[in-house]
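# Architecture and fold: a report
Read off the chains here:
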Amino acid sequence: MRQVSDRGYKKLFKNKTIFRQLLETFVQEDWVKELDFDSCETLDKSFVADHYKETVSDLVYKIKLRRKEIFIIVLLEFKSKVERFTSVALANYVGNFYMDYVASHKRVRKLPPVFPILLYSGPRKWTAPEKLSDLIEDEEALGEYGIRFKYFKIAANAFTKQKLLAIKNIVSTLFLVEGHYDLGLIKKELADLYRRESDRAAVSLLLNWFLQLRKHGRIPPEASEALEHVYETSKEVKQMLEVALQKERRGYFNEGKREGKLEGKREGKLEGKREGKLEGKREAERKSRRDIALKMIAKDFEPALIAEVTGLSEEALNKLKLEKRKR
């Protein structure tokens, strides 16, 4: 499966429920339990150095810990190649953050704590050192003047299917989609997730991300509004998942037709039954696409996006619009 772009991924982790689950589930540090998540907010600024902006997307959260402000920086990494000197770039990032903080807080005497997280979504195992000191030639004579820096790594592909299935939250389901791409299992987990989670907006973000991923292999800029749609019923979720898996089902049907033709030469009656069943499934699929299109038309989605999601032609969409007006 092709890697999702940072546009959609960043949108996911700007959601406070998803951010909270990331920390509480995947950052096993005692102080996480004391964070005041009601106080958290994202900063709009980007502090990534110019040479690094093309490959890393950043999120900066301000949050209170024991009534004091701290900053949690989440760097989203998607490259297929693991960069050995990532800790150098991240140390530079934190330095840039502090320089900006000093410039905008003229009377500050001490800098706030910063916790840097690298969230890796690439296909390979992450092998780069997390400690900057591991990349520097050891020289004991420097003593306390040696440079110290370490980032916290979360690699989506480092968790087993069994562990992710046991966690059962939005972030673990996201990692399951990325690291263990079993369509049947993913469909079940996404549907179950909708029933379990109380934050429908957060779950809908993940569902829409999955839909766009299936259609495009990434999240295109023009599809960003589609990520915001909130699913209100389990029936709507089921319809969305059916649309997302149409490509695989169509491949199955086409294969069934080819096999059926060969078999038909030998067993015409059996072939007729098979074709009848397939036609019934095709009709159900067509109805599902129409239902999804009508819902998207009612919510004023762009025609190009409706066509992309449902696979319906512009002519078919215009007919649906006319039918809707007549009702």
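## Topic: the overall build of the chain
- Broken down by element type, the chain carries 12 helices and 5 strands.
- For the chain, contacts bridging at least 24 residues in sequence account for 66% of all contacts bridging at least 6.
- Carbon together with sulfur atoms contributes 49% to the accessible area of the chain, which is approximately 18,800 Å² in total.

## A look at the pattern of salt bridges
- As enumerated under the stated definition, the model contains 10 salt bridges in all.
- The partner of Lys-62 in a salt bridge is Glu-69, with the nearest N and O atoms 3.8 Å apart.
- For Lys-62, a relative accessible area of 18% gives the class buried.

## As for a negative patch on the surface
- Negative charge collects at one region of the surface, where Glu-137, Asp-138, Glu-139 and Glu-140 lie side by side.
- With respect to the element layout, Glu-139 can be found in the loop between β4 (114-120) and β5 (152-155).

## Structural notes on the packing of helix α2 (residues 16-26) against helix α5 (residues 170-179)
- As a packed pair, α2 and α5 sit with axes 8 Å apart at the nearest point and diverge in direction by 85°. Our classification of the angle between α2 and α5 gives roughly perpendicular. Facing Thr-17, Ile-18, Gln-21, Leu-22 and Phe-26 of α2, the residues of α5 in contact are Ile-170, Val-171, Ser-172 and Phe-175.

## Remarks on empty space enclosed by the protein
- Summed over all chains, the structure comprises 2 cavities of 30 Å³ or more.
- Each pocket or cavity is described by its volume, and for the second largest cavity that value is around 30 Å³.
- Leu-164, Leu-165, Lys-168, Ser-172, Thr-173, Leu-176 and Glu-189 are the residues that line the second largest cavity.
- Of all the secondary structure elements, the ones that give two or more residues to the lining of the second largest cavity are α4 (161-167) and α5.
- Among the elements that line the lining of the second largest cavity, the one with the most residues is α5, at 3 residues.
- Looking at the lining of the second largest cavity residue by residue, the classes come out as 3 nonpolar, 2 polar and 2 charged.

## What about the nonpolar core?
- Phe-13, Leu-23, Leu-35, Ile-72, Ile-154 and Phe-175 are the most contacted members of the largest nonpolar core, which totals 55 residues.
- A per-element tally of this core places helix α7 (residues 200-216) first, with 8 residues.
- Apart from residues lying up to four places away in sequence, Phe-13 is in contact with Ile-18, Phe-19, Leu-22, Leu-59, Tyr-61, Leu-119, Val-171 and Leu-174.
- Judged by nonpolar contacts, the second largest core, of 19 residues, contains Ile-73, Val-94, Tyr-101 and Ala-155.

## A short note on α5
- Burial within α5 is extensive, with 8 of its 10 residues counted as buried.
- What α5 keeps buried is the set Ile-170, Val-171, Ser-172, Thr-173, Leu-174, Phe-175, Leu-176 and Val-177.
- Sitting at the head of α5, Asn-169 places a side-chain oxygen 3.2 Å from the backbone nitrogen of Val-171.

## Things to note about unusual backbone geometry
- A positive phi angle is found at Arg-66, which is not glycine, with a value near 55°.
- Checked against the element boundaries, Arg-66 lands in the loop between β2 (56-65) and β3 (68-77).
- You will see that Lys-168, though not glycine, has its phi angle at about 60°, which is positive.

## Quick notes on the side chain of Asn-15
- Tracing the backbone shows Asn-15 in the loop between α1 (6-13) and α2.
- With sequence-adjacent residues up to four places away left out, Asn-15 is seen in contact with Tyr-61, Asp-199, Ala-202 and Leu-205.

## Side note on the layout of surface pockets
- Of the voids in this model, the largest pocket is the one considered here, and its volume is about 200 Å³.
- What lines the largest pocket is simply Ser-133, Ile-136, Glu-137, Asp-138, Glu-139, Glu-140, Leu-142, Gly-143, Gly-146, Ile-147 and Arg-148.
- Of the residues assigned to the lining of the largest pocket, the class counts are 3 nonpolar, 3 polar and 5 charged.

## Quick notes on the packing of aromatic side chains
- Applying the stated criterion across every chain, the model contains 12 aromatic pairs.
- Note on Phe-71 and Tyr-101: the rings are 5.8 Å apart at their centroids and 75° apart in plane angle, and the pair reads as edge-to-face. Of this pair, Phe-71 sits in strand β3 while Tyr-101 sits in helix α3 (residues 86-104), placing them 30 residues apart in sequence.
- A relative accessible area of 3% places Phe-71 in the buried class.

## Quick word on the confidence of the model for the chain
- With 73% of its residues at a pLDDT of 70 or more, the chain has an overall mean of 78.
- The weakest mean pLDDT in the chain belongs to helix α9 (residues 246-264) at 46; the strongest belongs to α2 at 96.
- Here residues 249-260 is modelled with pLDDT under 50, and outside its nearest four sequence neighbours on either side it reaches 13 contacts, counting other chains as well.

## Description of the packing of α5 against helix α6 (residues 183-196)
- Contact pair α5 / α6: the axes reach a minimum separation of 10 Å and the direction vectors enclose 165°. Relative to α6, the element α5 lies roughly antiparallel. The interaxial crossing formed by α5 with α6 has left-handed handedness. Contacts from Ile-170, Thr-173, Leu-176 and Val-177 of α5 reach α6 at Leu-185, Ile-186, Glu-189, Leu-190 and Leu-193.
- Split by residue class, the contact of α5 with α6 holds 7 nonpolar, 1 polar and 1 charged.

Rules behind the numbers
- Residues numbered from 1 in each chain as written.
- Predicted model: local features only at pLDDT ≥ 70, side-chain atom pairs only at ≥ 80, totals over all residues.
- Heavy atoms only, no water.
- Helix = DSSP H or I, 4+ residues; strand = E, 2+ residues; numbered from the N terminus.
- Contact = heavy atoms within 4.5 Å.
- Areas by Shrake-Rupley, 256 points an atom, 1.4 Å probe, with all protein chains shown as cover.
- Salt bridge = Lys/Arg side-chain N within 4 Å of Asp/Glu carboxyl O.
- Buried < 20%, exposed > 50% of the residue type's maximum accessible area, 1.4 Å probe, protein only.
- Patch = residues over 30% accessible without salt bridge, like charges linked within 9 Å, V, L, I, M, F, W, Y side chains within 5 Å.
- Lys, Arg positive; Asp, Glu negative; His and termini not counted.
- Charge placed at Lys NZ, Arg CZ, Asp CG, Glu CD.
- Axes fitted to C-alpha atoms, helices over the stretch in contact; angles between N-to-C directions.
- Parallel < 35°, antiparallel > 145°, perpendicular 65-115°, else oblique.
- 1 Å grid on protein atoms, 1.4 Å probe; cavity = no way out; pocket = protein on both sides within 12 Å on 5 of 7 lines; lining within 4 Å.
- Points joined across faces, edges and corners; volume = space filled by probe spheres on them.
- Nonpolar A, V, L, I, M, F, W, Y, C, P; charged D, E, K, R; others polar.
- Core = buried A, V, L, I, M, F, W, Y, C linked by side-chain atoms within 4.5 Å.
- Polar contact = N/O pair within 3.5 Å; in protein donor to acceptor, adjacent residues only side chain to side chain.
- Phe/Tyr/Trp six-rings, centres within 6.5 Å; stacked < 30°, edge-to-face > 60°.
- pLDDT = per-residue confidence, 0-100.
- Left-handed = near helix turned anticlockwise from the far one by under 90°.

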